[in-house]
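Geometric and topological summary
Chain by chain, the residues:
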Amino acid sequence: MQNSGVASLFSSALYNQTHHALFNGSHALSAMSKKLFSLMLALGLCLLAAPARAFDYVSACLFIDSAGLHPMPDGSLTDVDAEADQQHLMQLTRDARARIEATFGAPEARPIVVFFKGRDGFGKYHLNPYGNTQFIGSRACVMIGPEGQNVDVVAHELMHAELNHRAGTLKRALQIPTWFDEGLAMQVDYRPRYRISAEAMKDADGIRECRSYDAFFSHDPKTVVEHYTAARYVVGQWLEKVGQRSVYDRLQRMSQGESFHEAMEE
Ligand SMILES: [Zn+2]
């Protein structure tokens, strides 16, 4: 479903959060030129027809500054009041960034990070209780609910933001296959449910067919877990050949004009 055109570009951004509604993921649009900004204006039309939930993600990210959240000293936002709890959340972000740094190098992306305590979101926004990352224009929002307040989910979401920051929003939206985006995020997400079995390794390469958001996520929950598992394994195998420390450079080469295939060549 990721063909060119304004509607599909935006719908992929919207779908990105639907997946995190079920699991704990990320995504959408970022670093934007005037050209892309004008795209966003056109996309406003699509918003009218978007599901209420998708609209909540986009509007929560766009209007986060007026959502009545508390700013924390590290710049993130939360509806959590107790200082001890806020300290815990800031520590999670530090630990997640440290994990990314130990794996790929120091992260540079600085998305707006939001932690909320309600299972249904915060304020008037209905969000999933895990995690979600939105990219709208130059704005990136990582929104983490109560079920996602662990290093695995936070690092996973921040890694989506890092890929978007390095490769560029348009490149990510139009060229980076979903299996790669998810597989890379899974390298810093150690949850055991996504460990691959010896049996599944044989067919794991088939995940490369899941280039679009729909191909990866529009399935029953068990199949989607299998997709995450295969993506983690396949990207992990590729990293063993090319080296984790080459990833940022490869993504940056995409932002400078290389195609996904050129930049990721072994
Ligand atoms: Zn994800």
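Below is a short write-up of the structure. (Residues numbered from 1 in each chain as written. Predicted model: local features only at pLDDT ≥ 70, side-chain atom pairs only at ≥ 80, totals over all residues.)

Our next topic: the overall build of the protein chain. Within the protein chain, the regular secondary structure consists of 12 helices and seven strands. Counting across all 266 residues of the protein chain, residues that qualify as buried make up 44%. Residue pairs at least 24 apart in sequence account for 74% of intrachain contacts in the protein chain once pairs closer than 6 positions are excluded. (Helix = DSSP H or I, 4+ residues; strand = E, 2+ residues; numbered from the N terminus. Buried ≥ 20, exposed ≤ 12 C-beta atoms within 10 Å, placed from the backbone. Contact = placed C-beta atoms within 7 Å.)

Glancing now at the packing of helix 5 (residues 151-167) against helix 7 (residues 178-185). Viewed as axis vectors pointing N to C, helix 5 and helix 7 meet at an angle of 130 degrees, and their least axial separation amounts to 8 Å. Our classification of the angle between helix 5 and helix 7 gives oblique. Our pair here, helix 5 against helix 7, has a crossing hand that is right-handed. On the side of helix 5, the interface is formed by His156, Met159, His160 and Leu163, while helix 7 contributes Asp181, Leu184 and Ala185. (Axes fitted to C-alpha atoms, helices over the stretch in contact; angles between N-to-C directions. Parallel < 35°, antiparallel > 145°, perpendicular 65-115°, else oblique. Left-handed = near helix turned anticlockwise from the far one by under 90°.)

Let us now look at the nonpolar core. Within the largest apolar cluster, 59 residues are counted, with the highest numbers of intra-cluster contacts made by Val114, Val142, Met143, Leu158, Met159 and Ala231. Here this core gets eight residues from one element, more than from any other, and that element is helix 5. When near neighbours in sequence (up to four residues on either side) are disregarded, valine 114 contacts Ile64, Leu69, Ser76, Leu77, Thr78, Cys141, Val142, Met143 and Ile144. (Core = buried A, V, L, I, M, F, W, Y, C linked by C-beta atoms within 7 Å.)

Moving on to the environment of histidine 126. In this structure, histidine 126 sits in strand 5 (residues 125-126). We classify histidine 126 as partly exposed; it has 16 C-beta atoms within 10 Å. For histidine 126, the residues in contact, after removing those within four places along its chain, are Arg53, Asp56, Asp120 and Gly121.

Further remarks concern the sheet that holds strand 3 (residues 112-115). Strand order across the open sheet formed by five strands is 1-2-3-7-6, with mixed pairing between neighbours. Because the sheet does not close on itself, it has two edges, and the strands there are strand 1 (70-71) and strand 6 (131-136). Strand contacts of helix 5: strand 6 and strand 7 (139-144), with the helix running at about 170 degrees to strand 7, the strand carrying the most contacts. (Pairing = 2+ DSSP bridges.)

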